[in-house]
Amino acid sequence: MTTTTKVTGAAVPARGDFIGRHGHRLNEIGLLAAIALLYIVLGLTASGFLSLDNQLGLLRNAATIGIAAWGVTLVIIAGEIDISIGPAVAFASVIVATGATEWNLGVVGAILVTLAMGLLWGALAGWLRARFNVPSFITTLGLWSVLGGLALYMTDALPVPLPESALLDVLGGSVLGIPTAALVMLVLFGVFAYVARYTAYGRSVYAIGGNAAAAQLAGLNVTRVRVLLFATTGLLAAITGVLLAARLGSGNGGAAAGLEFDVIAAVVIGGTALAGGRGSLGGTFLGVVFITVIANGLVLLGVNSFFQDVVRGLIIVGAVLINVVISRRSAANRLA
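Owing to the predicted nature of the structure, the values given are computational and were not obtained by experimental measurement.

Remarks on the packing of aromatic side chains
Item 1. In total, this model carries seven aromatic pairs according to the counting rule given.
Item 2. Their ring planes at 10 degrees and their centres at 6.0 Å tell us that Trp-70 and Phe-285 sit as a pair that is stacked. Note that Trp-70 is positioned in helix H2 (residues 52-77) and Phe-285 in helix H12 (residues 281-300), a separation of 215 residues in sequence.
Item 3. Overall, Phe-285 belongs to the partly exposed group, its relative accessible area being 25%.
Item 4. Consider the rings of Trp-127 and Phe-132, whose centres lie 5.2 Å apart with planes at 90 degrees: the pair is edge-to-face.

In structure tokens, the structure reads:
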């Protein structure tokens, strides 16, 4: 709800609300500046960074993070968390490969079954959260373990080759020179940005993140929204798994290890408050680009793979600290 102050008969936003609405714009401007700086530095120091092939590779890698990040953004805005993304993507890749080969479902049938299963396991996590008030961290941690274990158990930790298929070639390849996964990411970004900003469902997500009890009293169906949120992240993880399997040519229970951390980092770096109630898809988009460029640059510079994890961890901690500072200042200004 927007707080207003009367000035000469007109209603204008209070100072705290102004900062709350525009603080994420400052974060996005800062991210744009940081990305521009990264491009300048890496363009000068990392051989091949600005090449067309590398930029297309960046788009493909960004899609692996971004598709899931759109759903996780809404989850975190609602004051929840989903840490099951990595194993969910790996399990989805195994299901589509196994379905297309061992279960004789055909490629299209295997894809549809995978997407349906993604919806179901996400909805189950949301239902446990909403019906029994189990913290979303615990429900998705359980899902993380179950899906990861199943993916490795079903495959004995070995890749499951996909059959030859024109559809899989398109999904794992490109359309008009642009990676298909990147096109899917951009289309879904447009859909989720519209939903978050212009629909009653999007407004409900923000309201629940701001104050779930008040949203319930105002007549919002908090249970239904929570189930839909996690069903959505399950579906997006399944989509990512299908695209990743098509790209690799196989389903792999060990694929996408640690992806959930990159996704959450992108969302938080994009300015979404971990406490809920604040965030934007545009900020997450920039966060995805930032994370992807950092990872690509570290590889091209030949940085040790273990130290790359150190850099990623420092980025996450720094982003959380900045987020906390912004949230506290916004709260202080609202009380002023």
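Still more ground to cover, so stick around.
With respect to the nonpolar core
Item 1. Among the nonpolar cores identified, the biggest contains 86 residues, and Trp-70, Leu-74, Val-263 and Phe-290 are the most heavily contacted of them.
Item 2. Residue contacts for Trp-70: discarding those within four places in its chain leaves Met-185, Leu-188, Phe-189, Phe-192, Leu-236, Leu-281, Thr-284, Phe-285 and Val-288.

With respect to empty space enclosed by the protein
Item 1. Enumeration over the complete set of coordinates arrives at four cavities of 30 Å³ or more.
Item 2. A volume near 100 Å³ is recorded for the largest cavity.
Item 3. Lining the largest cavity are 14 residues; nearest its centre among them are Thr-64, Ala-181, Leu-243, Leu-244 and Arg-247.
Item 4. Broken down by secondary-structure element, the contributors of at least two residues to the lining of the largest cavity are H2, helix H6 (166-172), helix H7 (180-198) and helix H10 (222-248).
Item 5. Here the residues of the lining of the largest cavity are counted per class, giving seven nonpolar, five polar and two charged.

Some remarks on the side chain of Glu-80
Item 1. With respect to the helices and strands, the residue Glu-80 is situated in the loop between H2 and helix H3 (85-101).
Item 2. Among the polar contacts listed, one links the side chain of Glu-80 to the side chain of Ser-136, at a separation of 2.9 Å.
Item 3. Among the polar contacts listed, one links the side chain of Glu-80 to the side chain of Arg-226, at a separation of 3.2 Å.
Item 4. In this view, Glu-80 contacts Val-75, Arg-129, Ser-136, Arg-226 and Phe-230; residues no more than four positions away in its chain are not counted.

Comments concerning the pattern of salt bridges
Item 1. All chains considered together, the criterion is met by two salt bridges.
Item 2. Across the pair Arg-226 and Glu-80 runs a salt bridge, and its minimum N-O distance is 3.2 Å. Placement of Arg-226 in helix H10 and of Glu-80 in the loop between H2 and H3 is noted, with a sequence separation of 146 residues between them.
Item 3. On the basis of relative accessible area, Glu-80 is assigned to the buried category, the value being 6%.
Item 4. Three or more residues are tied together by salt bridges with common partners; here these are Glu-80, Arg-129 and Arg-226.

The rules we used
By convention here, each chain's residues receive numbers from 1 onward along its written sequence. Reporting in this predicted model follows two pLDDT cut-offs: at least 70 for local features of residues, and 80 or more for side-chain atom pairs to be given and counted; totals over whole chains, interfaces and linings ignore these cut-offs and use all residues. With hydrogens and water excluded, all non-hydrogen atoms of the structure serve as input to the side-chain values. Working definition: rings of Phe, Tyr and Trp (its six-membered ring) pair if their centres are within 6.5 Å, and the pair is stacked with planes under 30 degrees apart, edge-to-face with planes over 60 apart, and tilted otherwise. Only DSSP runs of H or I covering at least 4 residues are called helices, and only runs of E covering at least 2 are called strands; the numbering of each starts at the N terminus. Note on classification: 1.4 Å probe, protein chains only; a residue is buried when its accessible area is under 20% of the maximum for its type, exposed when over 50%, partly exposed between these limits. Grouping buried Ala, Val, Leu, Ile, Met, Phe, Trp, Tyr and Cys residues that are joined through side-chain atoms within 4.5 Å yields what is termed a nonpolar core. Contacts are assigned to residue pairs that have any heavy atoms within 4.5 Å of one another. Any residue with an atom within 4 Å of a point lines the site, the site being either a cavity, points on a 1 Å grid over the protein atoms alone where a 1.4 Å probe fits but cannot get out, or a pocket, an open set with protein on both sides within 12 Å along at least 5 of 7 lines. Grid points are joined across faces, edges and corners, and a volume is the space filled by probe spheres set on the points. Polar here means any residue other than Ala, Val, Leu, Ile, Met, Phe, Trp, Tyr, Cys and Pro, which are nonpolar, and Asp, Glu, Lys and Arg, which are charged; Gly is therefore polar. Think of a polar contact as two N or O atoms within 3.5 Å of one another; within protein, one of them needs to be a possible hydrogen donor and the other a possible acceptor, and neighboring residues in sequence only count if both atoms come from side chains. By definition, a salt bridge exists where a carboxyl oxygen of Asp or Glu is found within 4 Å of a side-chain nitrogen of Lys or Arg.

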